[in-house]
Amino acid sequence: MVGQSPLDPSKGRTAVLLEPFVHQVGGHMSMMKYDEHTVCKPLVSQELSFYESLPLAMRQFTPQYKGIVSVHLKKDSLGNLTLIASPSLQTESCGRPDKAIGDPSVTIWHKWAASTGSEHALVKWSHAQLTKTLKDSCPGKMLLRTDLQYRTDSLLEDANGNQPERNSYNPWGLRCHRQHLNRMSSKHNENKLHQFLLLENVVSKYSYPCILDLKMGTRQHGDDASEEKKARHIKKCEQSTSASLGVRICGMQVYQADTGHFLCKDKYHGRKLSPEGFRQTLRQFLCNGNHLRTDLLEPIVLRLKALLSVIRKQSSYRFYSSSLLIIYEGQEQKENTAPLDNHLHFQKTNCATSHARVDVRMIDFAHTTFKGSKCNHTTYDGPDHGYIFGLENLIKILQNISEGK
């Protein structure tokens, strides 16, 4: 969204409204939408180091790194928080042929209500903005009307486990965004510069993105973790499927064709699952409310196997606390009514289309370490066996679902 810069409207500087990324289903850092094909997140030096030295074989399984923007926080007399960003010289064009982001005249800003005494205003503002964002992200789709509802089974449960209310957006990203702004406001003054990474929006090509966020590996703490944090993460792994399967669910949204809503699950739901519960939730991710999307199983498994082959060859890499996204298009294509003699042609076309409608991407590399990293604490030999263990189990479970087990 383009408008006048809040800094000095008289200068007519171009401004881009940074919006909460409505399809964020997991994680704790706030993701924001820069444009249709680009998201941004707070920069962590170890993650930047990973993207800057990314092995060629892994690029098809990670978001494209697009550059850096510098952001500072401003608060007006009413307590409204504004994030104003100026692109750095390192930033690439990010898919904007009309104006490179590196142009210093570009200003990125985001207005949000302060947490103190204006909780209601924040929710009211975000509701209107997110509804508009959803409409803009999928123009012309019946799902994204002003009365759109996301069914949230676990995201908004209170301490007593009461039935959650319905909302017009996936609440997880909004929650992360609110917490991040609160942290920035309380810890830093207005002149403090914050750097954000610009990354490919890996769900931009989907009209109804169904997303599963999986925390991979049997270990989640980074080498730099304090003893307290290390113990906390070890306990989480032991009490979840991270230990038994090498993978646990951190978030999910899946389009339900029977209701026109998205079913959402969060990381707290994922932590409680037994191995059998994990299998059932994985199956639920592939169910659109009417039937199991068996057409997606083969392309997802093939992509996971390709990733597994790549990970096995990455010596010294440890992807601690990183996530794996499985993505597919929730809108099913209409069945072909082709003549029988064209059956083989359409069978091949459908197979190719199925592969195009699914994706597997690794994200979140703030604790990833590898030989030669600027932030390297320990050098490891061989591939990440904990990650491989999780991938192998994930593939096995999906194959069992495909075979009806």
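Note: the structure precedes this text.
Residues numbered from 1 in each chain as written. Predicted model: local features only at pLDDT ≥ 70, side-chain atom pairs only at ≥ 80, totals over all residues. Heavy atoms only, no water.

Trainee: Quick question: what am I supposed to make of the pattern of salt bridges here?
Mentor: In a structure, side chains of opposite charge can pair up when their charged atoms sit close to one another. Under the defined criterion, the tally for this structure stands at twelve salt bridges. In this structure, Arg 361 and Glu 200 form a salt bridge, with 3.2 Å as the shortest nitrogen-oxygen distance. In this pair, Arg 361 is assigned in strand 16 (residues 358-363) and Glu 200 in strand 10 (residues 193-200), connecting sequence segments 161 residues apart. Glu 276 is paired through a salt bridge with Arg 279; the nearest N and O atoms lie 3.9 Å apart. Here Arg 279 and Glu 276 lie together in helix 7 (residues 275-285), a separation of three residues that amounts to about one turn. Because the salt bridges share partners, they merge into one network encompassing Glu 200, Arg 303, Asp 359 and Arg 361. (Salt bridge = Lys/Arg side-chain N within 4 Å of Asp/Glu carboxyl O. Helix = DSSP H or I, 4+ residues; strand = E, 2+ residues; numbered from the N terminus.)

Trainee: Would you mind showing me how to read helix 1 (residues 45-52) here?
Mentor: In an α-helix there are 3.6 residues to a turn, and that puts residues three or four apart on one side. Burial of helix 1 is extensive: six of the eight residues sit out of reach of the surface. What helix 1 keeps buried is the set Gln 46, Glu 47, Leu 48, Ser 49, Phe 50 and Tyr 51. (Buried < 20%, exposed > 50% of the residue type's maximum accessible area, 1.4 Å probe, protein only.)

Trainee: Just checking my understanding: could you explain the packing of helix 8 (residues 297-311) against helix 10 (residues 385-402) for this structure?
Mentor: Running from amino to carboxyl end, helix 8 crosses helix 10 at an angle of 160°, the nearest separation of the two axes being 10 Å. When the axis of helix 8 is compared with that of helix 10, the two are roughly antiparallel. Taken as a pair, helix 8 and helix 10 cross one another with a handedness that is left-handed. Between helix 8, through Leu 297, Ile 300, Val 301, Leu 304, Lys 305, Leu 307, Leu 308 and Ile 311, and helix 10, the contact on the second element is made entirely by Tyr 387, Ile 388, Leu 391, Glu 392, Leu 394, Ile 395, Leu 398, Gln 399, Ile 401 and Ser 402. A per-class count over the contact of helix 8 with helix 10 returns 14 nonpolar, two polar and two charged. (Axes fitted to C-alpha atoms, helices over the stretch in contact; angles between N-to-C directions. Parallel < 35°, antiparallel > 145°, perpendicular 65-115°, else oblique. Left-handed = near helix turned anticlockwise from the far one by under 90°. Contact = heavy atoms within 4.5 Å. Nonpolar A, V, L, I, M, F, W, Y, C, P; charged D, E, K, R; others polar.)

Trainee: Before we go on, may I ask you to explain unusual backbone geometry in this structure?
Mentor: Generally, phi is negative for residues other than glycine and the peptide bonds are trans, each holding for most cases. The backbone of Ser 321 shows a phi angle near 70°, a positive value even though the residue is not glycine. Note on placement: Ser 321 falls in the loop between strand 14 (318-319) and strand 15 (323-329). Here Ser 321 falls in the buried class, since its relative accessible area comes to 14%. Phi at Asp 364 takes a positive value of approximately 65°, unusual for a residue other than glycine. In this fold, Asp 364 is placed in the loop between strand 16 and strand 17 (368-369).

Trainee: Is there a simple way to think about the nonpolar core in this case?
Mentor: A general tendency of soluble globular proteins is for nonpolar side chains to be buried together. If you look at the biggest cluster of nonpolar residues, it comprises 68 residues, and the most contacted ones within it are Leu 214, Leu 304 and Leu 324. Each of domain 1 (13-91 + 171-202) and domain 2 (205-332 + 354-403) gives at least three residues to this core. Apart from residues no more than four positions distant in its own chain, Leu 324 is found in contact with Leu 212, Asp 213, Leu 214, Met 216, Leu 304, Leu 307, Val 360, Arg 361, Met 362, Tyr 387, Leu 391 and Leu 394. Residues Tyr 34, Cys 40, Val 69 and Leu 198 belong to the second largest nonpolar core, which totals seven residues. (Core = buried A, V, L, I, M, F, W, Y, C linked by side-chain atoms within 4.5 Å. Domains from an automatic or database assignment.)

Trainee: Is there a simple way to explain the packing of aromatic side chains in this structure?
Mentor: The description of an aromatic ring pair rests on the distance of the ring centres and on the angle between the ring planes. As enumerated under the stated definition, the model contains 14 aromatic pairs in all. Arranged with centres 5.6 Å apart and planes meeting at 85°, the rings of Tyr 51 and Phe 365 form a pair that is edge-to-face. With Tyr 51 in helix 1 and Phe 365 in the loop between strand 16 and strand 17, the pair connects residues that are 314 residues apart, well separated along the chain. We note that Tyr 51, like Phe 365, is buried. Both rings, one in Tyr 320 and one in Tyr 380, keep their centres 6.1 Å apart while their planes meet at 80°; by these two values the pair is edge-to-face. You can see Tyr 320 sitting in the loop between strand 14 and strand 15 and its partner Tyr 380 sitting in the loop between strand 17 and helix 10, a full 60 residues away along the chain. Owing to a relative accessible area of 7%, Tyr 320 belongs among the buried residues under this scheme. Taken together through their ring pairs, the aromatic side chains of Phe 50, Tyr 51, Tyr 65, Tyr 317, Phe 319, Phe 365, Phe 370 and Tyr 387 make up a single cluster. (Phe/Tyr/Trp six-rings, centres within 6.5 Å; stacked < 30°, edge-to-face > 60°.)

Trainee: Sorry, what's going on with the pairing of strand 16 here?
Mentor: Regular strands have side chains that alternate between both faces of the sheet. Burial analysis of strand 16 places six of its six residues in the buried class, the great majority of the element. Of the two faces of strand 16, the one lined by Val 358, Val 360 and Met 362 and the one lined by Asp 359, Arg 361 and Ile 363 are each fully buried. Two elements, strand 15 and strand 16, share six bridges in a ladder whose sense is antiparallel. Note on strand 16: the bridge partner recorded for Tyr 328 is Val 358. (Pairing = 2+ DSSP bridges.)

Geometric values such as these leave the question of function open.
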